[in-house]
Amino acid sequence: EKGGYDHFMLKEIYEQPKSIADCLRGRLDAKSGRLVLGGLRDYMNKFQNAERIIITACGTSWHAGLVAEYLFEEFARIPVEVEYASEFRYRNPVIGEKDFVIAISQSGETADTLAAIELAKSKGATIFGVCNVVGSSIPRATHAGSYTHAGPEIGVASTKAFTAQISVLAMMALKLGYQRGTLPENRYVQLLHELEAIPGKVEQALKTNDAIKYIAEEYKDVRNALYLGRGYNFPVALEGALKLKEISYIHAEGYPAAEMKHGPIALIDEEMPVFFIATKDSSYEKVVSNIQEVKARKGKVIAVVTEGDTQVKAIADHVIEIPETHEAFAPLVAVVPLQLLSYHIAVMRGCNVDQPRNLAKSVTVE
Ligand code: M6R
């Protein structure tokens, strides 16, 4: 059942080229400029005319929501708020009929997310679900939704569900931008092609596995780690840190790279590995300066970079090269080496990768 892999998590990481393709299949056809999300059809009007998009979720799904914030604001120019379901439900939030709420959940059973949905529904908002498990509680509680079609995810650490969630949210953002006229047709079509090319790029990113094993060997005994990224890659930093924490029990924190100087920089010494997501995008030069700041304090830098990079390579201790993508879709590719890294470190430390201590696959209690 593990298909020859030692753990479900590794199998699920390797399934991503296929799970993302499955998620896009029948919905996206770049050549004909076609993009259809069945679940959205009846609610497109509400979506297009929403005054605000509120995204609610927990854990990794919340990280996918953060990526979506950047996507929706860039392409569709609608303000977005991303809320931890557990905070949202108890905050007496200001919400009404003009709000379009997107609830993201792999299991479709997370108690806090379900409660946040019920609350938003009672205030008259439209609720759209992005879930993986067909027929679970959240899809039944929402007005409409789109499944992620990633297939069953068994490992407690979410991997392929995360990339499928971002794939659905990316399609929603492109569709919305196009319909609202905030995303001109030529750019829209170009982005459809870029998104369609992602499964192949994830396949390429998986080839970094050997290099990552070597890095894992070197850092498996650290007690702390920092993950830094900016823009679309800031949520990837959070996700990288969460993956390391939950399966290897190493304390890790994710931060927007520029926040480092407001506190975390005090932690940096020769022992501290800092994982950067430093792909070629609009914040690249700024990330390079952040890397220099870490090196100046003798921290160890391991960076995920775009193929052919020279600037980061010259200063980092290790680089992991991934294919070039449009920056909006970079998280789909950049997260893959970080998933592999956490996996290998956890295995080397003798941890129970698929069922880490204290964690359950679906959190049905608040
Ligand atoms: O099933 P959900 O997506 O609603 O679950 C949300 C979180 O419990 C989940 O993402 C959790 O953080 C994972 N263990 C992360 O790998």
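Higher on the page you've got the structure.
Given the structure is predicted, the values throughout are model-derived calculations rather than measurements. (Residues numbered from 1 in each chain as written. Predicted model: local features only at pLDDT ≥ 70, side-chain atom pairs only at ≥ 80, totals over all residues. Heavy atoms only, no water.)

## Describing the pairing of strand S9 (residues 251-256)
Part 1 of the argument: The pairing of strand S8 (residues 224-229) with S9 spans six bridges and is parallel. Paired with leucine 228 across the strands is tyrosine 255, a residue of S9.
Part 2 of the argument: The parallel pair S8 and S9 is bridged by helix H12 (residues 234-248), and the resulting crossover is right-handed. (Pairing = 2+ DSSP bridges. Helix = DSSP H or I, 4+ residues; strand = E, 2+ residues; numbered from the N terminus. Right-handed = clockwise from strand over helix to strand, strands pointing away.)

## A word on the pairing of strand S12 (residues 318-322)
Part 1 of the argument: Alternating positions in S12 separate cleanly, His318, Ile320 and Ile322 being buried on one face and Val319 and Glu321 remaining unburied on the opposite face.
Part 2 of the argument: The pairing of strand S11 (residues 300-306) with S12 spans five bridges and is classified as parallel. Bridge pairing in S12 places threonine 306 opposite isoleucine 322. (Buried < 20%, exposed > 50% of the residue type's maximum accessible area, 1.4 Å probe, protein only.)

## Observations regarding helix H9 (residues 185-196)
Part 1 of the argument: The end-to-end C-alpha distance of H9 is 16 Å, a good match for the 16 Å that twelve residues give at a rise of 1.5 Å each.
Part 2 of the argument: Burial in H9 covers these residues: Tyr188, Leu191, Leu192 and Leu195. Each buried residue of H9 lies within a common arc of 105 degrees when the element is viewed along its axis, so the set occupies one face. (Expected span 1.5 Å × (residues − 1). Arc of directions from axis to C-beta.)

## Concerning the site of the ligand
Part 1 of the argument: Looking at the ligand, there are 14 residues lining it, with Ser61, Ser105, Ser107, Thr110 and Glu246 nearest.
Part 2 of the argument: At 3.0 Å from an oxygen atom of the ligand is found a main-chain nitrogen or oxygen belonging to threonine 60.
Part 3 of the argument: Glutamine 106 places a main-chain nitrogen or oxygen 2.7 Å from an oxygen atom of the ligand.
Part 4 of the argument: Here the ligand, which alone exposes 410 Å², has 91% of that area covered by the protein.
Part 5 of the argument: Secondary-structure elements contributing two or more residues to the shell around the ligand are helix H4 (59-76) and H12.
Part 6 of the argument: Looking at which element gives the most residues to the shell around the ligand, the answer is H4, with three residues.
Part 7 of the argument: For the shell around the ligand, the per-class residue count stands at four nonpolar, eight polar and two charged. (Near = heavy atom within 4 Å. Polar contact = N/O pair within 3.5 Å; in protein donor to acceptor, adjacent residues only side chain to side chain. Areas by Shrake-Rupley, 256 points an atom, 1.4 Å probe, with all protein chains shown as cover. Nonpolar A, V, L, I, M, F, W, Y, C, P; charged D, E, K, R; others polar.)

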